[in-house]
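Structural overview for review
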Amino acid sequence: MTAVPMPVNSIAKVDLLLGQAIMLAPDDYDDVTADLHEAMGIALLMAAQHATGEPVDLPRLNQPSVLGCVEQALREVQSWDLALAADLPDLARLRVLLTDVRRAWVAAGRQG
């Protein structure tokens, strides 16, 4: 365990943002969507293991989109102290997945 406080509210935001991204994602299932689902699974597990005792609101997105949700989730994850990797063993994998999803989504010129 580290002395760094667990960002439980931020973990909950990432969980909600990726849930929103999954709902907005197209029905076709490819490698990018698979990575998005894997990231969601990691966030879901983190949120279950480090639950917050208070409601968490998402920042209002003008036009919710997969890319917008992924970018916001990535910003949240990048704000976490890397010392948390001892307590969140999938932290590095989550960062990589979100970065890969963002890069692939932009490169493919996907909408939504």
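Going by the structure above, here's the rest.
Here is a short report on the structure shown in this document. (Residues numbered from 1 in each chain as written. Predicted model: local features only at pLDDT ≥ 70, side-chain atom pairs only at ≥ 80, totals over all residues. Heavy atoms only, no water.)

Comments concerning helix α1 (residues 8-24)
This is how it is decided: Secondary structure follows DSSP: runs of H or I at least 4 residues long count as helices, runs of E at least 2 residues long count as strands, and numbering of each begins at the N terminus. One less than the residue count of a helix, multiplied by 1.5 Å, gives the span that helix is expected to have. To sort residues, take the accessible area from a 1.4 Å probe on protein chains only and compare it with the maximum for the residue type: under 20% means buried, over 50% means exposed, and anything in between is partly exposed. Two residues qualify as a contact provided that any one of their heavy atoms is within 4.5 Å of a heavy atom in the partner residue.
Spanning 17 residues, α1 covers 25 Å between terminal C-alpha atoms, matching the ideal 24 Å at 1.5 Å per step. All of the buried residues in α1 are S10, I11, A12, V14, D15, L17, L18 and A21. Those residues of α1 that are buried lie in contact with α2 (31-49), α3 (66-78) and α4 (91-107).

Here's the deal with the side chain of E76
What counts is decided by this rule: Pairs of N or O atoms within 3.5 Å make up the polar contacts considered here, provided that, within protein, one atom can donate a hydrogen while the other can accept it, and that residues adjacent in sequence are counted only when both atoms are side-chain atoms.
Residue position: E76 is located in helix α3. Separated by 2.4 Å, the side chains of E76 and S10 make a polar contact.

Focus on the nonpolar core
Filter applied, for reference: Grouping buried Ala, Val, Leu, Ile, Met, Phe, Trp, Tyr and Cys residues that are joined through side-chain atoms within 4.5 Å yields what is termed a nonpolar core.
In this structure, V14, L18, L36, M46, W80, L94 and L98 are the most contacted members of the largest nonpolar core, which totals 29 residues. For this core, the elements supplying multiple residues, two or more each, are α1, α2, α3 and α4. With eight residues, the top contributor of residues to this core is α2.

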